[in-house]
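# Examining the three-dimensional arrangement
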Amino acid sequence: MTNFPILSSLILIPTIGSIFLLFIKSTEKNNSIKYVALFTSLINFFLSLYLWKLFDNNISDFQFVETRIWIKNFINYKVGVDGISMLFIILATFITPLCIISVNNHVKIRLKEFLIAILLMETLMIGVFCSLDLIIFYLFFEGGLIPMFLIIGIWGGNRRVYSAFKFFLFTLVGSVLMLIAIIYIYWLSGTTDVEQLYNLGIDSKYQNYLWLAFFSSFAVKTPMWPVHTWLPDAHVEAPTAGSVLLAAVLLKMAGYGFIRFSVGLFPVASTDFIPLIFTLSLIAIIYTSLVALMQDDMKKLIAYSSVAHMGFVTLGIFTFTHQGLEGSIFQMISHGLVSAALFLSVGVVYDRMKTREIKNFRGLVNIMPKYAIMFMIFTLGALGLPGTSGFIGEFLILMGTFKKSFLAATIASVGVILGAAYMLWLYKRIIFGELLSTIKKEIMPDLKRDEIFILSTLAILIIFLGFYPEPIIKTYAVSIDNFVDVYNSKIETNLVEK
Amino acid sequence: MSYFIIFLPLLASFISGFFGRKIGSRNSEIISCILVSISAILSIIIFLEVMSGYNENLIITTWITSGSLNVNWSINIDPLSSIMLVVVTFVSSLVHVYSIGYMSHDPHKPRFMSYLSLFTFSMLILVTSDNFLQLFFGWEGVGLCSYFLIGFWFKKQSANYAAIKAFLVNRVGDFGLGLGIFLIFYVFGTVNYDEVFKLIPNIIEKKIVFLSFNFLVIDLICLLLFIGAMGKSAQIFLHTWLPDAMEGPTPVSALIHAATMVTAGVFLVVRCSPIYEYSELALNFITIIGMTTALFAASIALVQDDIKKIIAYSTCSQLGYMFFATGVGAYNVAMFHLFTHAFFKALLFLGAGSVIHSFKNEQNINHMGGIWRKLPYTYCLMIIGTLALTGFPFLSGYYSKDAIIEFAYLEKGTFSNYAATIGIITALLTSIYSWRLIFKTFHGNYNNKKINLDQMHDSPVVMLIPLIVLSIGALFSGFVFKDLLIGLDSSYLFWGDSIKFLEPLSSDHPPGWFLILTPILVILSIPLSYILFIKDRSILDHFVKINLPLYTFLKNKWYFDELYDFLFVRPLKFLGKFFWKKIDGSIIDRFGPDGISHFIKKISIFAVRFQSGFIYQYAFIMLLGFSLLLTFLIIK
């Protein structure tokens, strides 16, 4: 089995599935397209679990590496995983089937095309997390724009075109700079192979510009303040499955990019830019938490909270400590689960009421008790209560940050208080109180079977990881150890050279 | 055995939470009562074993590892945690039983039971932790259960707001606790109690710059941890949630907001006594906060009309006593008061619940009165609770509270004499407001218009039995346990390593007049209150009239809520709106994407003009360009 190209298969299976979909006739009553899509994504999910099982936790090098020549002496198709990327692949393959199951509640037109877009999206996401060549990474990373653009632009709400273009405009500007930087790196080092670049290192006098170019792309996608304004609009207009993919996986591509490329390739520049990152992250945490507090659209509120949570992630990464980096990865995985769950929960009531305005809801616990329980668990996960996965990431990040800067950790901790404020207030306004008289019991049945399945899977995972995070921690521990060591030695040699 | 103590309540919570509807509310009540009671009996057995020297730290499994951080799930049994185990499980099991009667008309009984058991579990996790992180888990866990239970009647808007307020104010405290834990990890590289406490003597001199202030590390750690304790134990500045928390059902107030959760702050300080002993600054700070709270809360309790709020402020005040006991270094006395307080305060709350139950949810004492013949059992039990609380000689409060005042007097700290004086004044105030409550509730004229006096009847047996058990505790727990917990030599033997005294407590005796001063004041206040509140209201009315500003100040609880609303709530809401509409909308979007697309649109509109379709325009432009090019080439 050692020669079996397992990563390439993971990348290709969704695409093959989507080609199959093209040839299936879709009719109103025919669910076969959905089953084919679901089947494809489940195969991928189990394959990725198998990969996880084969994966050796005790090695920090890249594993399952495949290299194929694409353009001779220029670009190699090279993929591989280490402890850092492993978990993101699992996250992507896990979230996709959940999205597909949830689809029939909110996508009424062009279901086939929608599923094709989602499967292509999965290919691109997995590609991002395992590519070990800058050009390949760039293709996957930016390719992700296209299906997402279509998902928002075609299946979105009323202002979908505006949002789709806003999304596109923001992300494109950053990515152009990154492309230039990648070409420049090739010109400097003669290769775009990530492993080779790690070993070669990049001269510290070029690092700052290159770092800024990569930063401009990742900052938009994370999103960091002040380039975050596309996210709330994109989320509000996107259909539920689109929001879920966007929040759960797409945002993580940038966080992953920061670790793998910004810090990995340009350690010296990354150190120089700590103040910038810290400032922007802290503004993101406090600012967006306050904005979230005042929202009257549920999806917008959760979108803003995503910005705050990703602020923690960037904060953690740039502490370069074990706790900070590990916390960031954990926070990304956890946020992937929690934000997916929250967007799905909003989708549940949106499907029934066709509105997301908070003031149109009150007292849902009276008619939807199961929904109330699920939503409570996700709320707690989002506000980082101990015993949910949200706590471990946040707490580790703050511990790491505290080592670097007391002030930053203190300010970020204020964000934790605000996080509790907006989430609990949201919950109170929607779920508690007397039932609003405009809500009819007939149109608001409690959770259906498929909804229960999706939400409870997420809820169980969120709680399980809160109590027993060991499976996640074990996977990345050795890689992060090595990562921190390499970073420290590179910084030291740079100091010696100076 | 310790596994059973911890996990039986969790099991109970699961059963009534998930299967409550299937097995019916009666069954889930019975199951949770039995399971929690077993846990209580086992706790008592463990306590007896600890008395004969049993100590154990069970590691269940690892929780978080990251770099040098290594945290376990653990059950740590030592004298300190064993006494907390007894208090928590004992009061909890009684409250479980009481709730069967109190909540009998509520449709959501299994949910209520599930929350109560879950709370018990979280509290046990908190007290049996061997590290700061698990403590934090329990700390937030009890906060969550408190949130659920305060907001249990979810249709009431006020209950929901009170629940959120409790959670958020606690989060402010947790912010301090969290930073304290980060600092501990930063300094020691570990968060396990044993390892941290061992390393403390090495860092006494170490200084650190925090937010541009220069601190001794140890002072900073202690102060940060204490902020957490202030939040949970409702000390002044972070107390505002506790009176509002009375929106929850009364059994909750008895269990969470009197006997157990609010004492977690005291527990934290006592648990960290090996750290606090080295920090003079922090101990003085605790003394000041403790005595201020004791006096301040008692002053508010004097004028409140809600029966539960009076007891809530009383709790706040008693917690102040416990804190200034720790502040003067008498950790064991603080624990002793915590122990006796759990009995008589739970008794008072449950008694108040019994009164409220009889009045069909009336809580205003001005609408009660003259019912002592109708509720004889409740009346007697409330009297016992009140006597114990006020420190009537030979009841439990007498031993613990007077011991605090005595130690404050004997201790030669900066503030200790001052603290002792405040302690005596507060004891007098405590006595007055407690008797005011009793007289206005049970004596005088019957003032309720909604319910006829003949319809009043005492509570069912299932509610009275827990009261009787607690009253036994309120009567005798002081006398029985005083040697063990605060005796001069015997108590050091019992506490062992779990409490650290840098220097042994003073073994002197205070002068005779001092010893009898408080009891005399307390006894005299009974007839005094009777005259003021029943016999002759005119004295009091006159007094209020000439001191009206003071009265309104107390009545409005020192205007803390209004102040916080002005300082925090409004500005934050304003900022949120401002960031969203002005900065996101009017600046970033306007000059960002909207600006760019607008700009491009403008350019394209401009460019469109060139394509007019008239040949002569195109020819002219071409000619112009050609001649410019030519000129350029010639000049070059």
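Per chain, residues are indexed from 1 in the order of the written sequence. Both sets of labels track the order of writing: A upward for chains, 1 upward for ligands. A pLDDT threshold of at least 70 governs which residues receive local features in this predicted model, and a stricter bar of 80 or more applies before side-chain atom pairs are shown or counted, although totals over entire chains, interfaces and linings include all residues. Calculated side-chain values reflect all of the structure's heavy atoms, with hydrogen atoms and water omitted.

## Concerning the overall build of chain B
Condition: Helix numbering and strand numbering both begin at the N terminus, where a helix is a DSSP run of H or I of at least 4 residues and a strand a DSSP run of E of at least 2. Only protein chains enter the calculation, and the probe is 1.4 Å; a residue is then buried if its accessible area is under 20% of its type maximum, exposed if over 50%, and partly exposed in between. A contact between two residues is defined here by any heavy atoms of the two lying within 4.5 Å. Method for areas: the Shrake-Rupley scheme with a 1.4 Å probe, in which residue coverage is limited to the protein chains shown. Within this scheme the basic residues Lys and Arg register as positive and the acidic residues Asp and Glu register as negative, but His and the chain ends are omitted. Throughout, a charge is located at the NZ atom of Lys, the CZ atom of Arg, the CG atom of Asp or the CD atom of Glu.
Counting its secondary structure elements, chain B contains 27 helices and four strands. If one aligns the C-alpha atoms of chain B with their principal axes, the spans along those axes are about 115 × 65 × 60 Å. Among the 636 residues that make up chain B, the fraction classed as buried is 59%. When contacts within chain B are restricted to residue pairs at least 6 apart in sequence, long-range pairs at least 24 apart make up 78% of them. Of the roughly 25,800 Å² of accessible surface on chain B, a fraction of 69% belongs to carbon and sulfur atoms. For chain B, the distance from the average position of its 43 positive side-chain charges to the average position of its 37 negative side-chain charges is 15 Å.

## Focus: the nonpolar core
Here is the rule: Here, nonpolar core means buried Ala, Val, Leu, Ile, Met, Phe, Trp, Tyr and Cys residues that are tied together by side-chain atoms lying within 4.5 Å of each other.
By size, the foremost hydrophobic cluster in this structure holds 413 residues, and its most contacted members are B:F132, B:Y147 and B:Y276. Element by element, the count of residues in this core is highest for helix α16 (residues 331-358) of chain B, at 18 residues. When sequence neighbours within four positions are dropped, the list of residues in contact with B:Y147 reads A:M376, A:L424, A:Y427, A:F432, B:A163, B:I164 and B:F167.

## Looking at the packing of aromatic side chains
For clarity, the threshold we go by: Stacked, edge-to-face and tilted are the three classes for Phe, Tyr and Trp ring pairs, Trp counted by its six-membered ring, which pair at centre distances within 6.5 Å; planes under 30 degrees apart are stacked, over 60 edge-to-face, the rest tilted.
Here the structure, examined in full by the defined rule, presents 85 aromatic pairs over all chains. When the ring of A:F45 is compared with that of A:F94, the centres are 5.8 Å apart and the planes differ by 45°; the resulting orientation is tilted. With A:F45 in helix α2 (residues 32-54) and A:F94 in helix α3 (residues 83-102), this pair connects stretches of sequence that are 49 residues apart. Each member of the pair, A:F45 together with A:F94, is buried. The interplanar angle of 20° and the centroid separation of 6.1 Å between the aromatic rings of B:F574 and B:F578 together place this pair among those described as stacked. Residue B:F574 and its partner B:F578 are located together in helix α25 (residues 560-591), separated by four residues, close to a single helical turn. Residue B:F574 is classed as exposed on the basis of its relative accessible area, which comes to 57%.

## Quick notes on the side chain of B:D219
Residues and elements named next belong to chain B. Note the following rule: Within this document, salt bridges are pairs made up of a side-chain nitrogen of Lys or Arg and a carboxyl oxygen of Asp or Glu, the two lying within 4 Å of each other.
On the secondary structure map, D219 appears in helix α9 (residues 217-232). Of the buried charged residues, D219 lacks a salt bridge, with K207 as the closest side chain of opposite charge at 8.3 Å. Those residues in contact with D219, other than ones at most four positions away along the chain, are S279, E280, L281 and A282.

## Let's talk about the side chain of A:S413
You can see A:S413 is positioned in helix α18 (residues 406-431). Look past the residues within four positions of A:S413 in its chain and what remains in contact with it is A:L398, B:F175, B:L179 and B:F182.

## Concerning the interface of chain B and chain A
Accessible area lost upon the coming together of the parts serves often as the stated size of an interface. Our working rule: Defined here as a combined quantity, buried area equals the accessible surface (1.4 Å probe) lost by two parts on assembly, summed across both. Think of a polar contact as two N or O atoms within 3.5 Å of one another; within protein, one of them needs to be a possible hydrogen donor and the other a possible acceptor, and neighboring residues in sequence only count if both atoms come from side chains. Any residue outside Ala, Val, Leu, Ile, Met, Phe, Trp, Tyr, Cys, Pro, Asp, Glu, Lys and Arg is labelled polar, Gly included; the first ten of those are nonpolar and the last four are charged.
Each partner contributes residues to the interface: chain B has 54 residues there, and chain A has 63 residues. Summing both partners gives a buried area of about 5,400 Å² for chain B against chain A, and 74% of it is carried by carbon and sulfur. If you sort the residues of chain B by the area they bury against chain A, B:R171, B:F182 and B:W580 come out on top, with a joint share of 13%. Scanning the region where chain B abuts chain A turns up zero salt bridges. Linking chain B to chain A there are nine residue pairs in polar contact (both at pLDDT 80 or more). Contributions of two or more residues to the side of chain B that touches chain A are made by β1 (56-66), β2 (69-77), α6 (132-150), α7 (157-188), β3 (207-210), α25 and α26 (593-610) of chain B. Per element, the largest residue contribution to the side of chain B that touches chain A is 15 residues, and it comes from α7(B). Residues belonging to the side of chain B that touches chain A are distributed by class as follows: 36 nonpolar, nine polar and nine charged.

## Thoughts on the confidence of the model for chain B
Convention followed: In predicted models, pLDDT denotes the confidence assigned by the predictor to each residue on a 0 to 100 scale.
Taken as a whole, chain B shows an average pLDDT of 86; of its residues, 100% reach a score of 70 or greater. Prediction confidence for the complex, expressed as pTM and ipTM, is 0.89 and 0.86 respectively.

## Some thoughts on the environment of B:T89
Residue and element names in this part refer to chain B. Along the chain, T89 turns up in helix α4 (residues 79-102). Taking the relative accessible area as the measure of exposure, T89 reaches 0% and is therefore buried. In this structure the C-alpha to C-alpha distance between T89 and L124, which are 35 residues apart in sequence, comes to 8.3 Å. With near-sequence residues (within four places) excluded, T89 lies in contact with I5, V36, S39, A40, S43 and L124. One polar contact links the side chain of T89 to the main-chain carbonyl oxygen of L85, over a distance of 2.7 Å.

## Quick notes on the pairing of β3(B)
All names here are of chain B. Selection criterion: When DSSP finds at least two bridges between two strands, those strands are taken to pair.
Burial along β3 is one-sided: the face carrying I208 and F210 is buried and the face carrying K207 and V209 is not. Sheet topology places β3 next to strand β4 (residues 213-216); four bridges connect them, and they run antiparallel. Its bridge partner lying in β4, F210 is registered against F213.

## Remarks on unusual backbone geometry
Looking along the chain, the bond that leaves A:T222 and enters A:P223 is cis, with omega of -10°. Position of A:P223 among the secondary structure elements: in the loop between α9 (204-221) and α10 (230-237). The peptide bond linking A:W225 to A:P226 adopts the cis configuration, its omega dihedral lying at 0°. Inspection of the secondary structure assignment puts A:P226 in the loop between α9 and α10. Even without being a glycine, B:F237 presents a positive backbone phi close to 85°. Given the relative accessible area of 44%, B:F237 is considered partly exposed. For B:F394, which is not glycine, the phi dihedral falls at a positive 75°.

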